[in-house]
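Residue-level structure breakdown
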Amino acid sequence: MFLTDAQKQWRSLAVGWQGIDWVLVALPVALTAFGAVVIHSIQRNTVDGNYGLNHGVLGLIGLSIALWVSRSRYEHLLNWQWIIYGIVNLLLVAVMFIGTVGGGAQSWIALGGFYVQPSEFAKLSIIITLAAMLSRRDASTLWGVGSAIAVIVLPWVLVFVQPDLGTSLVFGAITLGMLYWANCNPGWLVLFVSPLVAAIMFHLVLPGWLVWSLAMGLTAWFTLPWRWFSTVVATAVNLIAGKLGDVLWGLLQDYQKDRLVLFLDPHKDPLGGGYHLIQSRIAIGAGKLWGQGLGNGTQTQLNFIPEQHTDFIFSAVGEEWGFVGSMVVILTYWLVCYRLVIIAQNAKDDFGSLLAIGVLSMITFQVVVNIGMTIGLAPITGIPLPWLSYGRSALLTNFIALGMVESVANFRHRLKFTD
């Protein structure tokens, strides 16, 4: 069978993308397009500027970058991991000196009229660096776990002091997910987060803090070497962490304290810290089954919900598209995560598999926390909804992450052509 010139041209264009998971490409594109529609609806009476169009255009740019990344071998990142890590940390340091303040945090750098948020790109740096380290030495040993955590400390601290609590929590979620996939003992993961839990429980109920500290001692006994020493240290660390909860609490800004506490009872401060959540709940409830229709949401169109085109975009989805529309969005995210797991399982090496799991951990945590905070099941932490929320740096970060995972899928077999 002879091919026509047109067929040959189409085949030449397809070279380099034979192994792409096109379903995984289509789902984020659909979310981005839907986000542009929702943002445009929100913008009609509440937001100055054509944010809906900007979101769509930037989505096309992000998709182009993702497709370009997907046809480049992901193994090359192993040669660039420390360069990427160093550049990102330098940008995080630069934010402290020349950064622009917005939303209570000094997180942006102005470049040619655009505002870049280095902490978003730091997520990619962490995923690449951890994947490289854990592919060489997995997390089945304490040395492997310690080495992985050590590289996270610097960017985590630089982001936390901005202060950007939401992104620092994403760093933690990425680290835990990748450590688990790299054969880390689940008990070690519990011990890793136990001081934070102890600090929180100290403020909630005193006996619970003591019981938790003793339980962590038992966990150390059954999972760590040097049983007596490990048990004493784990128990002491959790007891001390509880006492230090007051110190850590004092380091947070007032608005961050409100976000962490008022989700439990927003009516304690209905016109202040609890206002976002109260209005968000009203909007989502008003949507009922089918929603009030595009451009017809009262809470959305009358601007009762602050930041509804960014962090609280799910509230607008719930009001104007209803329960059915909200469930379609959630199902789409579930399918994205499902495809990421499939790619991680079928990757040809540990590095590729860990890249996919790092992206999975990042997306899953952001979706769960963002949707949870709009309905009162999680503190308000300023975490955007992937591909749906407006935000240049976040949208580009998510598409670059998509490109890395698609590269893992594309090169899961040794292909005959070269890129």
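Identification of the protein as Peptidoglycan glycosyltransferase RodA from Leptolyngbya subtilissima DQ-A4 is taken from an unreviewed UniProt entry. Quoted verbatim from the Pathway (unreviewed entry) field of the UniProt record, the comment on the protein reads "Cell wall biogenesis; peptidoglycan biosynthesis." Quoted verbatim from the Sequence similarities (unreviewed entry) heading of the UniProt record, the comment on the protein is "Belongs to the SEDS family. MrdB/RodA subfamily."

**A look at the overall build of the protein**
If you tally the helices and strands in the protein, you get 16 helices and 3 strands. Relative to its full complement of 419 residues, the protein shows a buried share of 49%. At a minimum sequence separation of 6, the contacts of the protein that also span at least 24 residues come to 71%. Element-wise, carbon and sulfur atoms account for 70% of the exposed surface of the protein, whose accessible area totals about 20,100 Å².

**Digging into the packing of aromatic side chains**
Scanning the entire structure with this criterion turns up 8 aromatic pairs. When the centroid spacing of 5.0 Å and the interplanar angle of 10 degrees are considered together, the rings of Trp156 and Phe160 count as stacked. With Trp156 and Phe160 both in helix H6 (residues 142-160) and 4 residues apart, the pair spans about one turn of that helix.

**Considerations on the confidence of the model for the protein**
Per-residue confidence for the protein averages 86 on the pLDDT scale, and 86% of its residues sit at or above 70. This model gives residues 415-419 a pLDDT under 50, and the stretch forms 10 contacts once residues within four places in sequence are excluded.

**With respect to helix H15 (residues 350-374)**
Between its terminal C-alpha atoms H15 stretches 36 Å, which fits the 36 Å expected from 25 residues at 1.5 Å a residue. Most of H15 is tucked away, with 21 of its 25 residues classed as buried. Looking at the residues trailing H15, positive phi occurs at Gly376, about 90 degrees.

**Describing the pattern of salt bridges**
Summed over the entire model, instances satisfying the criterion amount to 4 salt bridges. Salt-bridge contacts for Arg339 lead to Asp21; the nearest nitrogen and oxygen are separated by 2.9 Å. Of the two residues, Arg339 is situated in helix H14 (residues 313-346) and Asp21 in the loop between helix H1 (5-14) and helix H2 (22-43); the sequence distance between them amounts to 318 residues. Classification of Asp21 by relative accessible area gives buried; the value is 9%. Note that Lys123 is salt-bridged to Glu120, the shortest N-O span being 2.9 Å. Here the residue Lys123 and the residue Glu120 both occupy positions in helix H5 (residues 118-136), the gap between them amounting to 3 residues, near one helical turn. With respect to burial, Lys123 and Glu120 carry one shared label: buried. Salt bridges linked by common partners bring Arg73, Glu75 and Lys348 together as one network.

**A few points about the environment of Val237**
Along the chain, Val237 falls in helix H10 (residues 227-251). Each C-alpha atom, one on Val237 and one on Ser194, is 8.9 Å from the other, the two residues being 43 residues apart in sequence.

**Overview of the nonpolar core**
If you look at the biggest cluster of nonpolar residues, it comprises 88 residues, and the most contacted ones within it are Leu355 and Trp387. Not counting the four nearest positions on each side in its chain, Trp387 is found in contact with Pro28, Leu31, Thr32, His55, Tyr333, Val336, Ile363, Leu395, Asn398, Phe399 and Leu402. Grouped together as the second largest cluster of nonpolar side chains are 7 residues, Phe263, Ile305, Met373 and Ile380 included.

**Thoughts on the side chain of Thr332**
Its place among the elements puts Thr332 in helix H14. Its relative accessible area of 14% is what places Thr332 among the buried residues. Only 2.8 Å separates the side chain of Thr332 from the backbone oxygen of Val328, close enough to count as a polar contact. In this structure, Thr332 is in contact with Leu27 and Leu31, ignoring residues within four places of it in sequence.

**Comments concerning unusual backbone geometry**
For Lys288, which is not glycine, the phi torsion reads 50 degrees and is therefore positive. Tracing the backbone shows Lys288 in the loop between helix H12 (275-287) and helix H13 (298-301). Residue Trp387 is not a glycine yet carries a positive backbone phi of 65 degrees. Structurally, Trp387 can be placed in the loop between H15 and helix H16 (392-410). Assessed through its relative accessible area of 3%, Trp387 is described here as buried.

The rules behind the values
- Residues numbered from 1 in each chain as written.
- Predicted model: local features only at pLDDT ≥ 70, side-chain atom pairs only at ≥ 80, totals over all residues.
- Heavy atoms only, no water.
- UniProt positions renumbered as here; feature names shortened; annotations may be inferred.
- Helix = DSSP H or I, 4+ residues; strand = E, 2+ residues; numbered from the N terminus.
- Buried < 20%, exposed > 50% of the residue type's maximum accessible area, 1.4 Å probe, protein only.
- Contact = heavy atoms within 4.5 Å.
- Areas by Shrake-Rupley, 256 points an atom, 1.4 Å probe, with all protein chains shown as cover.
- Phe/Tyr/Trp six-rings, centres within 6.5 Å; stacked < 30°, edge-to-face > 60°.
- pLDDT = per-residue confidence, 0-100.
- Expected span 1.5 Å × (residues − 1).
- Salt bridge = Lys/Arg side-chain N within 4 Å of Asp/Glu carboxyl O.
- Core = buried A, V, L, I, M, F, W, Y, C linked by side-chain atoms within 4.5 Å.
- Polar contact = N/O pair within 3.5 Å; in protein donor to acceptor, adjacent residues only side chain to side chain.

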